[in-house]
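Secondary and tertiary structure notes
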Amino acid sequence: MCGIVGYYGYRDCSDVLVDSLSKLEYRGYDSAGIAVFEDDKIKIAKTKGRLADLVDKMKTEGKPQGIAGIGHTRWATHGEPSDVNSHPHSGDNVTIVHNGIIENYKKLKDYLLSQGRSFVSDTDTEVVAQLLDFYYCRHHDPVRAIIETTEDLEGSFALGILFNDYPEYIFALRRESPLIVGVGENESFIASDVPAILKYTKNYYLLEHDEIAVLGKYGTKIYDLHYQKLDKELKTADWDMDAAEKCGYEHFMIKEINEQPVSVKTTITPRITDGMPDLSECGIDDEYLKNVKNIHVVACGTAMHAGMVGKYVMERLARVPVNVEIASEFRYKAPILSSDDLVIIISQSGETADSLAAMRLAKSMGAKTLGIVNAKGSSIAREADMLIYTLAGPEIAVASTKAYMVQLSVMYLFAFQLAYAKGRIDENKCRELVGLLQETPDKIAQVIENELENTQFVASKLICSDSLLYIGRGLDYALSMEGSLKLKEISYIHSEAYAAGELKHGTISLVTDGMPVIAIATQSELFEKTISNIKEVKARGAVTVVICRESVELSDDVADYVIKVPDFDDVLMPMLACVPLQLMAYYSALLRGNDVDKPRNLAKSVTVE
Ligand code: M6R
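One structure accompanies this document, and this report is about it.

Definitions and cut-offs
Residues numbered from 1 in each chain as written. Predicted model: local features only at pLDDT ≥ 70, side-chain atom pairs only at ≥ 80, totals over all residues. Heavy atoms only, no water. Helix = DSSP H or I, 4+ residues; strand = E, 2+ residues; numbered from the N terminus. Polar contact = N/O pair within 3.5 Å; in protein donor to acceptor, adjacent residues only side chain to side chain. Contact = heavy atoms within 4.5 Å. Axes fitted to C-alpha atoms, helices over the stretch in contact; angles between N-to-C directions. Parallel < 35°, antiparallel > 145°, perpendicular 65-115°, else oblique. Nonpolar A, V, L, I, M, F, W, Y, C, P; charged D, E, K, R; others polar. Core = buried A, V, L, I, M, F, W, Y, C linked by side-chain atoms within 4.5 Å. Buried < 20%, exposed > 50% of the residue type's maximum accessible area, 1.4 Å probe, protein only. Salt bridge = Lys/Arg side-chain N within 4 Å of Asp/Glu carboxyl O. Near = heavy atom within 4 Å. Areas by Shrake-Rupley, 256 points an atom, 1.4 Å probe, with all protein chains shown as cover. 1 Å grid on protein atoms, 1.4 Å probe; cavity = no way out; pocket = protein on both sides within 12 Å on 5 of 7 lines; lining within 4 Å. Sits in = over half its atoms within 2 Å of the grid points. Phe/Tyr/Trp six-rings, centres within 6.5 Å; stacked < 30°, edge-to-face > 60°. Lys NZ or Arg CZ within 6 Å of the ring centre and 35° of its normal. Pairing = 2+ DSSP bridges.

Brief notes about the side chain of E148
One can find E148 in helix α5 (residues 142-152). Side-chain polar atoms of E148 contact the side chain of H139, separated by 2.8 Å. Apart from residues lying up to four places away in sequence, E148 is in contact with Y135 and H139.

Let's talk about the packing of helix α7 (residues 260-268) against helix α14 (residues 427-462)
It is at 8 Å that the axes of α7 and α14 come closest, and there the two elements cross at 170°. As the angle between them shows, α7 and α14 are arranged roughly antiparallel. Two secondary-structure elements touch here, α7 through Q260, P261, V264, K265 and I268 and α14 through L437, Q438, T440, P441, I444, A445 and I448. Here the contact of α7 with α14 is built from residues that sort into eight nonpolar, three polar and one charged.

Things to note about the nonpolar core
In this structure, I295, M314, I344, Y412 and F414 are the most contacted members of the largest nonpolar core, which totals 128 residues. Considering each element in turn, this core owes the most residues, 14 residues, to helix α13 (residues 402-421). Judged by nonpolar contacts, the second largest core, of 29 residues, contains L131, F157, L173 and Y223.

Observations regarding the pattern of salt bridges
Scanning the model with the defined rule gives 36 salt bridges in all. Notably, a salt bridge pairs E25 with K598, separated by 3.4 Å at the nearest N-O pair. Remark: K598 occurs in the segment after α17 (573-591) and E25 occurs in the loop between α1 (13-22) and β2 (31-38); sequence separation between them is 573 residues. A residue is classified by how much of its surface remains accessible, and E25, at 8% relative accessible area, is buried. The residue K232 makes a salt bridge to E211 at a minimum N-O spacing of 2.7 Å. In this pair, K232 sits in the loop between β13 (219-223) and β14 (235-236) while E211 sits in strand β12 (residues 211-216), placing the two residues 21 residues apart along the sequence. On the accessibility criterion, E211 (10% relative accessible area) is buried. One network of salt bridges, with partners in common, ties together D12, D15 and K63.

Structural notes on the site of the ligand
Within the structure, the ligand sits among 15 residues, and S347, Q348, S349, T352 and E489 are positioned closest to it. Interatomic distance of 3.1 Å between a backbone N/O atom of T302 and an oxygen atom of the ligand. Between an oxygen atom of the ligand and a side-chain N or O atom of S347, the distance comes to 2.6 Å. If the ligand stood free it would expose 420 Å²; the protein chains cover 90% of that surface. If you map the ligand onto the pockets, it falls in the largest pocket.

Comments concerning α5
With respect to burial, α5 is a largely interior element, eight of its eleven residues being buried. Every buried residue of α5 is listed here: P142, V143, A145, I146, I147, E148, T149 and T150. Lining the buried residues of α5 we find α4 (125-139), β7 (155-163), β8 (169-175), β12 and β13. Of the residues flanking the start of α5, the one acting as N-cap is D141, its side-chain oxygen 3.1 Å from the backbone nitrogen of V143.

Observations regarding unusual backbone geometry
In this model, H87 is joined to P88 through a cis peptide bond whose omega is 0°. The phi angle at N186 is positive, at roughly 55°, despite the residue not being glycine. Tracing the chain through its elements places N186 in the loop between β9 (180-184) and β10 (187-191).

Notes on the packing of aromatic side chains
For the coordinates displayed, the defined rule picks out 13 aromatic pairs. Seen in terms of ring centroids, Y169 and F171 are 6.3 Å apart; in terms of plane orientation they differ by 35°. Their pairing is tilted. Ring centres of Y412 and F416 lie 6.1 Å apart, and the angle between their planes is 40°; this geometry places the pair in the tilted category. In this pair, Y412 and F416 are both assigned in helix α13, four residues apart and thus about one turn of the helix distant. Classification of Y412 as buried rests on a relative accessible area of 0%. Note on F416: relative accessible area 0%, which makes it buried. Through a chain of ring-to-ring contacts, the aromatic side chains of Y136, F163, Y166, Y169 and F171 assemble into a single cluster. Above the plane of the ring of Y389 lies K376, whose end atom (NZ or CZ) is 5.8 Å from the centre. In this structure, R600 is placed above the aromatic ring of Y492, and the distance from its NZ or CZ to the ring centre is 3.9 Å.

Quick notes on the sheet that holds strand β23 (residues 494-499)
Across the sheet, five strands lie side by side as β23-β22-β24-β25-β26; this open sheet has parallel pairing. Single-partner strands in this sheet number two, and they are β23 and β26 (561-565). Between one strand and the next, the sheet's axes are offset by a mean angle of 20°, whatever the strand orientation. Relative to β26, strand β25 (residues 543-549) runs parallel, the two sharing five bridges. Bridge pairing in β26 places R549 opposite V565.

Set out below in structure tokens:
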């Protein structure tokens, strides 16, 4: 949550900061601000609202002119979104931007108040600014002040810092919250994520826990909390600029839906050798899998829904018990784990606070952990015992689409290898399943092409509803959870996902005349049963949208609207059927006039619990 950036170089600093922030707006967008050294004095521009509001404000009130500065886009935690709570925040000698949460800010604030300091905002960030200032006043050594401040802080934070006395430098610090230091020709950057710097450089240092960076005239230096200079490995981003741009699409979400075939292909191809799953590079081999007793999949939101599909597939093919847990529940419920257990953490960002904490807990209890992560070098990626990167490139839209799809593809590959290692499927069956998985990119592309108009039309029939239901059985039920989340998070239409067979036990009482029910009916073995459930809601006035196989013919007493996906193996159907669900959510949000990529109250990377 929150994006921070910083720049020192030869370009117009305000322009660079605004441009870099525009690539990070997915991290939070309820206020924005920058601070730039102008003639050796710090000039701040900040406002409640979007980055565009900041740009407008600077058009009328003037844009800070200089070559060194920091910037911020906020997702409010402490204090409502307002001009005064917007970052940057200052003390007499320092100005900072902050991503994260200072857990002991109240205690520190009380102490600073007792020392005669005063505050103008409700934020935890201003406490850090005042604390830095407090230490700096003692000795006028910026790095020492940062070290002393860090020692007092509890929580997660990444900071960009300017000291009034050092107009040719920017300082940065990281604990938990992500932060990179970009290195260009005669210029340097800080940013919460790689897309913010891609336009300028692909080279960066990944700051680790409690590392301090000093950027400026004499290059970049990185220190630890003992004030020791560190030699860090310079990394090179393998994403290109297009990854951070809309490339002609109206929104990132629709661009990312369209990227799914390529993302899946890129993710699975290097993990298949001679037609068999091969996760050995990720630290996973058959010998280890043979002995796994229980699997726990722990994640949040969409990533957890990918785990739900994984559960059905792993249990069906490998006959291993799989428990799927919401990370925020798992970490506080005294989970039962042993050293034979495998805990799989799925996360696009690799920084989700609850998922990270759940993984650390699992490790501390002796379980092995496997991270399935999209963001390179993120905390979960670095700390997991075994790691499978999903190779979707950056996902910018808050609503996850391509990240979900690649998480599914990895769940499948893992399940196939697990089933083979456990002797539950033979080599021929394993090869057959892998072959089918390799066919999915083309089939996904086919669904996007065939169903674009139809899903738009169906969405137009849903957008006036207050509430609707998603139903399905088996894998279709697992998928309906994701369909429902996708719709509600961006269209703001209330919806629930329900196991179709469970409706009669209470929820069917919600069905009244005209209520839309989206039914997913792709599973051959369960098809007739799902159809009966659809008829039950239809008989009570529901308007039904049925997602089914191409070969199926449905009568009018079942479906008002039909969306078809190619005939395919039951097990892999979620990879095709999720596409119309994504498209329906996209068009519903669009038709309702919502901000598709930046839905209200949400942020892409949830680094607070
Ligand atoms: O970065 P993560 O995959 O750990 O994020 C987990 C959820 O916050 C995320 O999937 C969220 O539910 C999506 N925005 C939904 O589209």
